[in-house]
Amino acid sequence: MKAFFKSLYLSNLVFYITTFLVVMFVLAFVFSVLFGITQMLFFVFILMILVDGIMLYRPKNGIFARREAPERLSNGDENPLSIYLENHYDFPVQIQIIDEIPFQFQKRDLMFRTALQSAETQILEYTLRPTKRGEYSFGAVNVYVKSPIRLLKRRYQFSQDKMVVVYPSFLQLRAYELMAISNRL
């Protein structure tokens, strides 16, 4: 049960609707006609939250994600990385991905948003440019999923702790090596 609450988040839409309902209940004190309508809207809202929760938590593993990173990174060069996603839900979902990249990059805003249809796979590609040699530690891939109702979010966390070594610019060295072989240097 504790794991359930650790992976459950409310979307901003819940707060907007709650604010609207509070205003409607306050107005219902002045205009008594609104009280029955507002009460009905409140119960529909609670029912929609329950349906959204059931939709998100019915499958045990609704989403799968995996970071694909090279074994070593080239210092000073753009290094390609990717995140592989699979949707196992029976409906399309909105997804927000936060990749825990090493602190050495000083990027705190690495977030991707995408939508996946039912049984669809997708690969998100991005690059990182290290500026120092050494060992870089990647953390987890956090995936937040919203159903078509969009009231709740479910977090999936894929622990892919990985240590990647950054070497001097071996991509540039390889280019110079090819030019030396072809006598163009």
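Bear in mind that the values here come from a model prediction, so they are computed numbers and not experimental data.

From N to C terminus, the chain includes 4 helices and 11 strands. Looking at the 185 residues of the chain, the share that counts as buried comes to 37%. When the accessible surface of the chain is totalled, it reaches about 11700 Å², and 61% of it is carbon and sulfur.

As a further point, take the sheet that holds strand S4 (residues 79-87). Taken in spatial order, the 3 strands of this open sheet run S2-S4-S7, and their pairing is antiparallel. Pairing within the sheet leaves two strands with one partner each, and these edge strands are strand S2 (63-68) and strand S7 (121-128). Ignoring which end each strand starts from, the neighbouring axes of this sheet average 15° apart. Strand direction decides the pairing type here: S4 and S7, joined by 8 bridges, are antiparallel. When the bridges of S7 are listed, Ile-83 appears paired with Leu-124.

We now examine the packing of aromatic side chains. As enumerated under the stated definition, the model contains 10 aromatic pairs in all. Ring geometry for Tyr-156 and Phe-158: centres 6.3 Å apart, planes at 10°, overall stacked. With respect to class, Tyr-156 is no different from Phe-158; both count as buried. Among the aromatic residues, those joined into a ring-pair cluster are Phe-25, Phe-35, Phe-42 and Phe-43.

So, on to the pattern of salt bridges. Evaluation of the coordinates by the stated rule reveals 3 salt bridges. A salt bridge links Asp-99 to Arg-67, with the shortest nitrogen-to-oxygen separation between them at 2.7 Å. Here the residue Asp-99 occupies a position in strand S5 (residues 93-99), and Arg-67 occupies one in strand S2, the gap between them amounting to 32 residues. The two residues Asp-99 and Arg-67 agree in class, both being buried. Lys-162 is the salt-bridge partner of Glu-71, the closest N and O atoms lying 3.7 Å from each other. A residue pair is termed long-range when its members are at least 10 positions apart, and Glu-71 in the loop between S2 and strand S3 (72-74) and Lys-162 in strand S11 (residues 162-167) qualify at 91 residues. Glu-71 sits in the exposed class, given a relative accessible area of 63%. In this structure Lys-162 comes out as partly exposed when scored by relative accessible area, which is 26%.

Calculation rules
- Residues numbered from 1 in each chain as written.
- Predicted model: local features only at pLDDT ≥ 70, side-chain atom pairs only at ≥ 80, totals over all residues.
- Heavy atoms only, no water.
- Helix = DSSP H or I, 4+ residues; strand = E, 2+ residues; numbered from the N terminus.
- Buried < 20%, exposed > 50% of the residue type's maximum accessible area, 1.4 Å probe, protein only.
- Areas by Shrake-Rupley, 256 points an atom, 1.4 Å probe, with all protein chains shown as cover.
- Pairing = 2+ DSSP bridges.
- Axes fitted to C-alpha atoms, helices over the stretch in contact; angles between N-to-C directions.
- Phe/Tyr/Trp six-rings, centres within 6.5 Å; stacked < 30°, edge-to-face > 60°.
- Salt bridge = Lys/Arg side-chain N within 4 Å of Asp/Glu carboxyl O.

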